[in-house]
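Reading the structure
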Amino acid sequence: MDRHIRVGARRRVRGAINLYYYAAPRTFYPLAGRMARVFYAVAVVLGAIGLYIAFFVAPTDAQQGEGYRIIFLHVPAAWMSMFLYVVMAFWAAVGLAFNTRLSSMMAQAIAPTGAWMAFLALWTGALWGKPMWGTWWVWDARLTSELILLFLYLGFMALQAAIDDPRRADRAGAVLAIVGVVNVPIIYFSVQWWNTLHQGASVSLTRSPSMAATMLWGMLVMALAFWMYCLGATLTRVRAIILERERRSDWAHELALGKERDA
Amino acid sequence: MSASAPLAAFACVLRRDLLLALRRRSDVATTLFFFVIVVTLFPLGVGPEMSLLRTMAPGVLWVAALLASMLALGRLFAGDYADGTLEQLVLAPHPLGLLVGAKIAAHWLVTGLPLVLLAPLLGLAFDMRAEALGTLTLSLLLGTPTLGLIGAIGAALTLGLRGAGLLLSLLVLPLYIPVLIFGAGAVEAVAGGLGPGAHLSVLGALLVLALFFAPWAAALALRISLE
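The rules we used
- Residues numbered from 1 in each chain as written.
- Chains lettered and ligands numbered in written order.
- Predicted model: local features only at pLDDT ≥ 70, side-chain atom pairs only at ≥ 80, totals over all residues.
- Heavy atoms only, no water.
- Helix = DSSP H or I, 4+ residues; strand = E, 2+ residues; numbered from the N terminus.
- Rg over C-alpha atoms; globule rule 2.2 N^0.38 Å.
- Buried < 20%, exposed > 50% of the residue type's maximum accessible area, 1.4 Å probe, protein only.
- Areas by Shrake-Rupley, 256 points an atom, 1.4 Å probe, with all protein chains shown as cover.
- Lys, Arg positive; Asp, Glu negative; His and termini not counted.
- Charge placed at Lys NZ, Arg CZ, Asp CG, Glu CD.
- Expected span 1.5 Å × (residues − 1).
- Salt bridge = Lys/Arg side-chain N within 4 Å of Asp/Glu carboxyl O.
- Contact = heavy atoms within 4.5 Å.
- Buried area = accessible area lost by both parts, 1.4 Å probe.
- Phe/Tyr/Trp six-rings, centres within 6.5 Å; stacked < 30°, edge-to-face > 60°.
- Lys NZ or Arg CZ within 6 Å of the ring centre and 35° of its normal.
- 1 Å grid on protein atoms, 1.4 Å probe; cavity = no way out; pocket = protein on both sides within 12 Å on 5 of 7 lines; lining within 4 Å.
- Points joined across faces, edges and corners; volume = space filled by probe spheres on them.
- Nonpolar A, V, L, I, M, F, W, Y, C, P; charged D, E, K, R; others polar.
- Core = buried A, V, L, I, M, F, W, Y, C linked by side-chain atoms within 4.5 Å.
- pLDDT = per-residue confidence, 0-100.
- Polar contact = N/O pair within 3.5 Å; in protein donor to acceptor, adjacent residues only side chain to side chain.

On to the overall build of chain B. Per the secondary structure count, chain B includes 9 helices and 0 strands. N-terminal to C-terminal, the α/β element order of chain B is α-α-α-α-α-α-α-α-α. Taken over the C-alpha trace, chain B has a radius of gyration of 18 Å; the compact-globule value for 227 residues is 17 Å, and the two agree within 12%. Out of the 227 residues belonging to chain B, those deemed buried represent 51%. Element-wise, carbon and sulfur atoms account for 73% of the exposed surface of chain B, whose accessible area totals about 10000 Å². Where the 11 positive side-chain charges of chain B centre and where its 10 negative ones centre are 7 Å apart.

Moving on: helix H4 (residues 101-133) of chain A. The first and last C-alpha atoms of H4 of chain A sit 47 Å apart over 33 residues, in line with the 48 Å expected at 1.5 Å per residue. At the C-terminal side of H4 of chain A, Gly134 of chain A shows a positive phi close to 80 degrees.

Another aspect to go through is the pattern of salt bridges. Residue and element names in this part refer to chain B. Scanning all chains against the criterion turns up 12 salt bridges over all chains. Taking the shortest distance from any N to any O, the salt bridge between Lys103 and Asp17 comes out at 2.9 Å. One end of the pair, Lys103, is in helix H6 (residues 96-125); the other, Asp17, is in helix H1 (residues 5-23), and 86 residues separate them in sequence. Just as Lys103 is buried, Asp17 falls in that class too.

Moving on to the interface of chain A and chain B. Taken together, the 26 residues of chain A in the interface contact 26 residues of chain B. The contact between chain A and chain B buries some 2300 Å² in all, and 78% of this surface belongs to carbon and sulfur atoms. The three residues of chain A that bury the most area against chain B are Arg168, Val175 and Trp193 of chain A, which together make up 26% of that side's buried surface. Seen at the junction of chain A and chain B, the total is 2 salt bridges.

Residues and elements named next belong to chain A. A complete count under the given rule lists 11 aromatic pairs over all chains for this structure. Geometrically, the ring pair formed by Tyr85 and Tyr153 is edge-to-face, given 5.3 Å between the ring centres and 75 degrees between the ring planes. In this pair, Tyr85 sits in helix H3 (residues 71-98) while Tyr153 sits in helix H5 (residues 141-162), placing the two residues 68 residues apart along the sequence. Of the two residues, Tyr85 and Tyr153, both sit in the buried class. Their ring planes at 80 degrees and their centres at 5.6 Å tell us that Trp137 and Trp139 sit as a pair that is edge-to-face. Residue class for Trp137 comes out partly exposed when judged on its relative accessible area of 27%. The ring of Tyr29 has Arg239 sitting right over it, with the charged end atom 4.2 Å from the ring centre.

Glancing now at empty space enclosed by the protein. Following the criterion strictly, the structure yields 1 cavity of 30 Å³ or more and no others. Considered as a void within the structure, the largest cavity measures approximately 40 Å³ in volume. Taken together, Tyr85, Phe151, Leu152, Gly155, Phe156, Leu176 and Gly180 of chain A together with Leu170, Leu171, Pro174 and Leu175 of chain B make up the lining of the largest cavity. For the lining of the largest cavity, a count of residues per class yields 9 nonpolar, 2 polar and no charged.

A word on the nonpolar core. Ranked by internal contacts, the top residues of the largest apolar core, which has 116 residues, are Phe72, Met88 and Leu159 of chain A together with Phe35 and Phe77 of chain B. The element best represented in this core is helix H9 (residues 197-226) of chain B, accounting for 13 residues. Contacts of Met88 of chain A, omitting those with residues within four sequence positions, involve Ala107, Ile110, Ala111, Tyr153, Phe156 and Ala177 of chain A. Counting residues in each nonpolar core, the second largest holds 24 residues, with Ala36, Leu102, Ala225 and Val238 of chain A among its members.

Turning next to the confidence of the model for chain A. Model confidence for chain A is summarised by a mean pLDDT of 83, while 84% of its residues fall at 70 or above. A low-confidence stretch, residues 1-9 of chain A (pLDDT under 50), is modelled with 6 contacts involving residues beyond four sequence positions or located in other chains.

All names here are of chain A. Here Ser249 shows up in the loop between helix H7 (213-245) and helix H8 (250-262). Taking the relative accessible area as the measure of exposure, Ser249 reaches 18% and is therefore buried. Separated by 2.7 Å, the side chain of Ser249 and the backbone oxygen of Glu246 make a polar contact.

As structure tokens, this is what we get:
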């Protein structure tokens, strides 16, 4: 307890927020709660704007008619699923290298959201594929690698769930996540070599996008909304993980008792 | 400690594991029997149409090899974990990655190599042509060590856990996919009249990559599991 107080004294170093202060689960818990609320609020606002653009502003596609509008859910979900895997591996690696508990908890908290995004990308892709390609599923490179990404998430979650000791679970999960992140490009390119039918990427950093500007804007706003949602969901989950792991500590008891008194 | 000490340790672990496998020959036979029986199930499932079986053969043999080598992984560390040898290996003054490499090499020699040698025989039953059989053997020869190396990481991570076998398959099978694609792809390329060179080169590259990184990752995973 003493240590927390002394760390608390150094909360602000020369006006800047001391990040190490918030590396302790106890101090991060209330911060995560506040941040999650902000991220959720931004997600709702951006989502409303994005959906408005998606349904009322963006023009009807010349070839795909109205059916293409699912792109505004499909592409952000697919982007987030890939991005979150890298973020998860990053936090897991930080946790493994510096033995910081909170980093590993972040990795554990990201995994279900990432898996959910991968599932959402596959599901909306199937709904899109049926009217456009005439089939729910094709064994195409991008679909298959997204499915494999979902498997990687599930493997990470299964490994963590199978190990009772949370510290061992963190470190074992970190090794798996790092091995996975090394493998993701290899899997991606091997599957691409194997078969490609999916339309090429419509948005790339090196050339101008092959879609109407309003469509692109709608998609980018939706991607931001998804990002904010993922942040909010992850922070909410990390709060639950912190409480679960710190359930024997004094501050968690005080928190629980305080909540009871308030209620 | 002389400069050759790590190599001597490598040879010692390799010899020990091979000797243990020789004393328990039925373990090796089980893996091979599993491989044969899975391959046998496919014609029974899809029908005895020879042209269909011929096109399916590379995929079927590769998937069966993949499953067989995955099931054999359970025995890679389990015995040493149970009798405490693994802790002695971790405490040994030699790099753990090297010793783990020796264990993986021995494991491949007793489970992977017999599988590679048996595969062409099963390929004959699927009416594969001679050059396709040669490529199949070559691709398995390059691919199965990679499977063992990647699998060792998974085996080390799941050491001593509840339902380790099922969990292992969930962890390892997605990582096996590139090897499967290029392994089966090489045989299909030959069957389709193309050269297998590109596929085999990639398989070789994957093997080199796994050879370099996997023993150290497996060693790290072992340390985590043994804490």
